Amino acid sequence: MSNISNSLLQMNNIENMNQKNTVIHRMEPAVKLLITLMYLIVVISVNPYQVSRLIPYLFYPVIGIILAEISLRTMIKYLVIAMPFTLFTGISNLFLNREIAFPMANVVITQGMLSCCFVLLKSILTILAVVILTSTTSMDDLLYAMIHFKVPIIIVTQIMFTYRYIGVIAEEASIMYHGYILRAPKAKAIKAKDMGPFLGQLIIRSFDRAERIYQAMKCRGFEGYVSFSGKKGISGKGWFYVVITAGILIALRLVNISILLGKLFM
Amino acid sequence: MHMSDALLSVAVGATMTAVSTGIIGTSIKKINKIELEEKKIPMMGVMGAFVFAAQMINFTIPGTGSSGHIGGGILLASLLGPYPSLITMASILLIQCLFFADGGLLALGSNIFNMGVITCLVAYPLIYKPIIKREMTPKRITIASILAVTIGLQLGSFAVVLETVASGVTELSFLTFLSFMQPIHLVIGLIEGAITATVLNFIYQMRREILDSALRKAPMKPVSLKRVLFIMVFATLITGGLLSAYASSSPDGLEWSIANVMGTTELENNTSVHNTLLNLQEKTAILPDYSIVNETGDPSPASTGIAGVLGGLFTLLMTVIAGVVLMYFKKRNAGRPVN
């Protein structure tokens with residue numbers, strides 16, 4: 001149960017965050033999508049062990065989070081959900097590679113330490129970039145941006161339908177779950193042997209609901225595809241943002257600011 | 001099994017995105033060809049939402065005290081047919097990535113391939129369907145579900161291992177990583193297969209026509225399957241051969257073996273011509289770190305490392321200061337009335 005309500009709560013939280021009116025929220029969705037993709041590509045292209053090259057990229061999420069007024073708690077929640085597998089990879093690197101990278105004062109920095117920090121930092125940067133995008137852009141706007149980038153309409157329609165009906169079907173599941181747990185008070189979750197009828201019932205209910213939705217849509221003139229009206233492309237100002245950001249990202253990729261600054265102290 | 005962006009290199013991510021995009025494009029064409037009835041469009045969406053809801057429901061795993069949830073790929077394919085289920089799966093994975101931080105945006109291609117293509121276009125038509133097609137009985141549904149889910153999950157986790165190792169982000173060797181992943185996913189696969197079987201048997205008893213229509217509506221022609229397999233083999237060759245060799249010119253590959261053999265992370269390259277060329281290469285290459293050179297071309301790795309740590313900390317400090325200053329101005333402006 002907590003699983004269902006937590007997930008729904010998370011979606012609601014994001015939808016609420018979308019409603020804010022900040023500089024980042026007001027940016028064109030297609031521009032935000034493009035900038036996020038560029039950022040991800042550049043961050044991912046940094047080679048293993050080069051932690052110093054990754055650090056300057058923290059500027060983007062920090063500035064983005066503050067300007068978009070995203071709560072730190074939400075961010076941490078996302079990171080906790082997304083990190084386990086990466087954490088495993090990072091920590092295993094720590095133990096598996098004990099080659100000395102360089103000594104520093106009395107401490108020896110190993111390649112494993114570098115690659116552990118690298119994997120974790122890279123993970124944080126990439127997750128935060130996506131969270132900034134989704135916390136500041138509504139699903140409808142994102143779908144329009146996808147259409148602008150020529151994503152096939154059937155995919156966009158599917159995403160729209162699936163997203164719209166998660167709440168409805170999850171609520172159905174939640175009612176069934178309540179019914180089950182009330183009759184089996186000591187059970188922590190549904191017993192594996194009852195999962196067949198439980199999910200089967202949910203499928204049948206979902207099918208029937210889909211049928212009703214289809215009929216309702218048909219009454220309103222549905223002809224197989226949802227038509228998306230209104231163009232939300234990228235304006236001249238939008239392109240300006242894209243080019244400036246791309247310039248900064250590439251410059252940071254080519255010049256290692258951390259090393260340059262570090263040399264000043266040595 | 002969702003892969004995050006941090007586990008992928010650009011080369012592997014781009015290859016997998018291209019492969020998945022190609023396969024989805026082919027699937028859309030197929031769907032259009034078989035004239036997907038318009039009723040199926042909302043049906044796919046609602047079933048996508050169902051898989052979401054199903055993944056939120058935990059069940060107890062007998063004898064372990066822990067709980068798990070189903071993935072739902074084969075379930076979806078057996079209800080909607082292969083191509084529509086792949087499209088639905090892709091939508092689910094995108095929403096999971098955007099709203100639940102489950103899998104990365106650039107890793108979406110990999111995730112669609114590992115969890116969507118392998119399940120809907122390989123395990124379903126090659127394992128599930130041949131068993132069911134001859135005769136649909138509860139026993140056959142059970143065998144088909146368990147086999148298809150288990151094998152699909154094994155192939156999927158194998159693909160995860162291949163992609164992660166080819167990306168060069170883990171120090172785990174291919175075989176060690178494989179020996180971690182495969183047994184865990186074998187157990188998960190058997191449990192999920194058994195649950196899928198009971199769900200499908202329930203549907204079989206209650207509303208058999210749903211399963212029948214999925215078998216009927218989306219015929220998988222042998223030619224199309226060959227094409228899909230061809231694309232997969234081709235992609236594997238590219239990823240495994242050309243691109244990963246390119247990507248793993250990182251320390252994980254060539255430099256790493258050099259480090260192990262010679263006991264140093266670098267080959268001696270102190271000649272001025274060599275250094276000049278390396279500096280030039282780093283400045284001009286699109287992805288300069290794919291060449292074997294330390295960060296500044298500085299011959300001393302220790303000084304570069306220390307400079308990196310000091311500079312990195314300083315950059316971090318500057319980021320924090322920038323954040324605090326920005327927050328101060330935001331708060332000050334928030335108090336002012338808007339004109």
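Residues numbered from 1 in each chain as written. Chains lettered and ligands numbered in written order. Predicted model: local features only at pLDDT ≥ 70, side-chain atom pairs only at ≥ 80, totals over all residues. Heavy atoms only, no water.

Along chain B, the regular secondary structure elements total twelve helices and two strands. Going residue by residue from the N terminus, the α and β elements of chain B occur as α-α-β-β-α-α-α-α-α-α-α-α-α-α. A burial count over chain B gives 56% of its 339 residues as buried. The long-range share in chain B, meaning contacts at least 24 apart out of those at least 6 apart in sequence, stands at 70%. Approximately 14,400 Å² of chain B is accessible, and the part contributed by carbon and sulfur atoms is 69%. (Helix = DSSP H or I, 4+ residues; strand = E, 2+ residues; numbered from the N terminus. Buried < 20%, exposed > 50% of the residue type's maximum accessible area, 1.4 Å probe, protein only. Contact = heavy atoms within 4.5 Å. Areas by Shrake-Rupley, 256 points an atom, 1.4 Å probe, with all protein chains shown as cover.)

With that settled, the discussion passes to the pairing of strand 1 (residues 100-104) of chain A. Residues and elements named next belong to chain A. Bridge count between strand 1 and strand 2 (residues 107-110): four bridges; the pairing is antiparallel. Directly across from M104, in strand 2, lies its bridge partner V107. In this structure, the hairpin formed by strand 1 and strand 2 is closed by a connection of two residues, where A105 is found at a positive phi of approximately 50°. (Pairing = 2+ DSSP bridges.)

Before going further, it helps to spend a moment on the interface of chain A and chain B. The interface of chain A with chain B comprises 107 residues on the first partner and 101 residues on the second. Inspection of the region where chain A meets chain B yields one salt bridge. One salt bridge in this structure joins D208 of chain A and R207 of chain B, with 2.9 Å as the shortest N-O distance. Counting across the interface, chain A meets chain B through four residue pairs in polar contact (both at pLDDT 80 or more). Per-element accounting of the side of chain A that touches chain B gives the leading share, 20 residues, to helix 11 (residues 192-219) of chain A. Across two bridges, the pairing between strand 3 (residues 190-191) of chain A and strand 1 (residues 59-60) of chain B is parallel. Bridged to I190 of chain A within strand 1 of chain B is F59 of chain B. (Salt bridge = Lys/Arg side-chain N within 4 Å of Asp/Glu carboxyl O. Polar contact = N/O pair within 3.5 Å; in protein donor to acceptor, adjacent residues only side chain to side chain.)

Along an α-helix, residues three or four positions apart point the same way, because every turn accommodates 3.6 residues. Taken as a whole, helix 5 (residues 59-67) of chain A has its buried residues at P61, G64, I65, I66 and L67 of chain A. E69 of chain A occupies a position one or two residues after helix 5 of chain A and carries a positive phi of about 55°.

Moving on to a nonpolar patch on the surface. Taken together, L87, I91, L94, F95 and M113 of chain A make up a surface patch of nonpolar side chains, about 410 Å² in accessible area. Following the sequence through the fold, M113 of chain A ends up in helix 8 (residues 111-136). (Patch = residues over 30% accessible without salt bridge, like charges linked within 9 Å, V, L, I, M, F, W, Y side chains within 5 Å.)

Parsing chain A into structural domains produces domain 1 (20-137 + 235-264) and domain 2 (153-219). The centre of domain 1 of chain A, based on its C-alpha atoms, is set 37 Å off from the matching centre of domain 2 of chain A. (Domains from an automatic or database assignment.)

It is worth spelling out helix 7 (residues 84-96) of chain A at this point. Residues and elements named next belong to chain A. For helix 7, spanning 13 residues, the distance from its first C-alpha to its last is 18 Å, which sits close to the expected 18 Å at 1.5 Å a residue. Along helix 7, the residues classified as buried are T86, T89, G90, S92 and N93. Viewed along the axis of helix 7, the buried residues span an arc of 165°, placing them on a single side of the element. For helix 7, exposure combined with an orientation more than 90 degrees from the buried face picks out P84 and F95. In this fold, the buried residues of helix 7 make contact with helix 6 (72-82) and helix 8. (Expected span 1.5 Å × (residues − 1). Arc of directions from axis to C-beta.)

Here we come to the side chain of T150 of chain B. Topologically, T150 of chain B is positioned in helix 6 (residues 138-167). Not counting the four nearest positions on each side in its chain, T150 of chain B is found in contact with L186, G189 and L190 of chain B.

With that settled, the discussion passes to the confidence of the model for chain B. All names here are of chain B. Taken over all residues, the pLDDT of chain B has a mean of 73, while the share at 70 or more is 68%. Looking at the elements of chain B, mean pLDDT is at its lowest for helix 10 (residues 254-262), recorded as 35, and at its highest for helix 6, recorded as 91. Low confidence marks residues 219-223, where pLDDT is under 50. Its contacts with residues over four positions away, or in another chain, come to nine contacts. Every residue in residues 280-299 is under pLDDT 50, and counting partners more than four places away or in other chains gives 53 contacts. Both scores are given for the predicted complex: the pTM is 0.77, the ipTM 0.84. (pLDDT = per-residue confidence, 0-100.)

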